[in-house]
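Coordinate inspection notes
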Amino acid sequence: MCEIKAIKISGNVYWVGANDFDCRSFHGYSTPNGVTYNAYLITGKEPVVIDSVKAAFTDEMITRINSVIPVNTVKHIISNHSEFDHSGAIKQLYELSGAKVYASAAGVKALNAMYGDLNYTTLNSGETIDLAGIKLTAHATPMVHWPDNIVTVYEGEKRILFSNDALGQHYASSKKLDVEVDLNTVMDEAKKYYANIVMPYSAQAAKAAAAVKSINADIIAPSHGIIWTKHICDILSLYDSLTKNEKTDKAIIVYDSMWGNTAKLSRTVGAIFENKELTVKYCDLRCTDLSDIITELTDAKYLALGCPTFYGTITPHTAAFLSYLKALKPQNIEFMCFGSYGWGGGAIKEMTAALSSMGFNHIADTDDITVIY
Ligand code: FEO
């Protein structure tokens, strides 16, 4: 019988993760290209597994490990991050192998709460461990994405950085290297991943990106998506731009509409920006995923938000957008609001207050951009 196998990355390092080709929502964020949970095996006298997979894919990971070495010979498990997509198979792997589990202090605390006592060893930032010749150094990258995150560097045939969530993308493929896939799609997914997972912690992400750069890795192997080999400069340059909140001449017109009037108004508002030679993108909240809108906002200078007044307040779609915006914290955005109304209005006042409270700069007198009914 033909079984799924590990994929050799370099020397004694193998990809033993799982492709979730059918996943279209990663905790609410749209993933049109699927999702990957990357785990890695380093073979040697005392084999090491770096991270694991979402629990539902445990058998797939174990089959891939077994294609290289018997899973019960694994001696060490490094957990760079305790979130369920990377720790879901750790308990079963521990039970099958009796391996030692290593994590940061915060990681040990989280894993213990999730899975009970698995014979943990704490890794400190900057610490190097020698596992029968496999030398690994941990570097703390807190809040990229949880407080427990670390990245691990392996000095093998090549210097490999296992970067966990940092520099990842939601992209499922039978091919694993950046040189084997469509780079434009992967870079777009990397930007979307940053916007929806990393952006609230942009200051910490900037520090992590600087630390990653100084490691000068030959290969960067994240725990989601494609592995960086030839295009390390491209992904680091993207993170440099995103963490600095660099903007392009782009305006995003986001709107909800009940009877089509606010939708009509959105084109008038868009024309204000078009006439200033800006690139304008229109996002109807009823048919555009919030994760795509937030991605557009990473490098947009302007946001125009439109909503009709709905019983004296904003519509539920607009409330959901504002809630997502508050959580993901894009920065350096100038905004204006628009909308149609009946009775006494109210939506514009509410949107303006909400966007101002997020630190955005209000640029327009919106009295000029409303219509009645
Ligand atoms: Fe991919 Fe924060 O987990």
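From a predicted model like this one, the values you see are computed outputs, not experimental measurements. Residue indices begin from 1 for each chain and proceed along its sequence in written order. In keeping with the predicted nature of the model, local features appear solely for residues at pLDDT of at least 70, side-chain atom pairs appear and are counted solely at 80 or more, and the whole-chain, interface and lining totals rest on all residues. Computation of side-chain values: all heavy atoms of the structure, hydrogens and water removed.

Notes on the sheet that holds strand β12 (residues 128–131)
On the basis of which strands lie adjacent, the open sheet formed by five strands has the order β12-β13-β14-β15-β16 and mixed pairing. Each of the sheet's edge strands pairs with one partner strand only, and the pair in question is β12 and β16 (219–222). With direction set aside, neighbouring strand axes in the sheet form an average angle of 25°. Note on definitions: a residue-residue contact is assigned when non-hydrogen atoms from the two residues lie within 4.5 Å. Interaxial angle, 0 to 180 degrees, is taken between N-to-C directions of lines fitted to C-alpha atoms, where a helix line uses only the stretch in contact. Runs of E in the DSSP output that reach at least two residues are strands. Runs of H or I that reach at least four are helices, and both are numbered from the N terminus. Sitting on the sheet, helix α6 (residues 202–215) is in contact with β13 (134–140), β14 (150–155), β15 (159–164) and β16, with an inclination near 165° to β15. Two strands qualify as a pair provided that DSSP identifies no fewer than 2 bridges between them.

Focus on the sheet that holds strand β9 (residues 76–78)
What the seven strands build is an open sheet, ordered β1-β2-β7-β8-β9-β10-β11; its pairing is mixed. Where the open sheet ends on each side, the last strands, each with one partner, are β1 (7–10) and β11 (120–122). With strand direction ignored, the average angle separating the axes of adjacent strands in the sheet is 25°. Relative to strand β2 (residues 13–15), β1 is paired through three bridges, and the arrangement is antiparallel. Note that in β2 the partner of Ser-10 across the bridge is Val-13. Of the strands in this sheet, β10 (100–103) and β11 touch helix α4 (residues 105–115), which is tilted by about 160° from β11.

Topic: unusual backbone geometry
Of note in the backbone geometry, Asn-164 takes a positive phi value of approximately 55° without being a glycine. Secondary-structure assignment places Asn-164 in strand β15. Residue classification places Asn-164 among the buried positions, given a relative accessible area of 0%. At Asn-332, a position not held by glycine, the phi torsion is positive, near 60°. Its place among the elements puts Asn-332 in the loop between α10 (316–328) and β20 (334–341). Partly exposed describes any residue whose relative accessible area lies between the buried limit of under 20% and the exposed limit of over 50%, with all areas from a 1.4 Å probe on protein chains only and scaled to the type maximum.

Let's talk about the packing of helix α5 (residues 183–198) against helix α9 (residues 290–297)
Packed helices, taken two at a time, are described by the angle between their axes plus the distance between the axes. The geometry of α5 relative to α9 is characterised by a closest axis approach of 9 Å and an angle of 100° between their N-to-C directions. Considering the angle they form, α5 stands roughly perpendicular to α9. Contact with α5, carried on its side by Lys-191, Lys-192, Ala-195 and Asn-196, involves Ser-291, Asp-292, Ile-294 and Thr-295 of α9 and no other residues of that element. Three classes are used, and their members are as follows: Ala, Val, Leu, Ile, Met, Phe, Trp, Tyr, Cys and Pro are nonpolar, Asp, Glu, Lys and Arg are charged, and the others, Gly among them, are polar. Taken together, the residues that form the contact of α5 with α9 break down as two nonpolar, three polar and three charged. Here is the rule for angles: anything less than 35 degrees is roughly parallel, anything more than 145 is roughly antiparallel, 65 through 115 is roughly perpendicular, and the remaining ranges are oblique.

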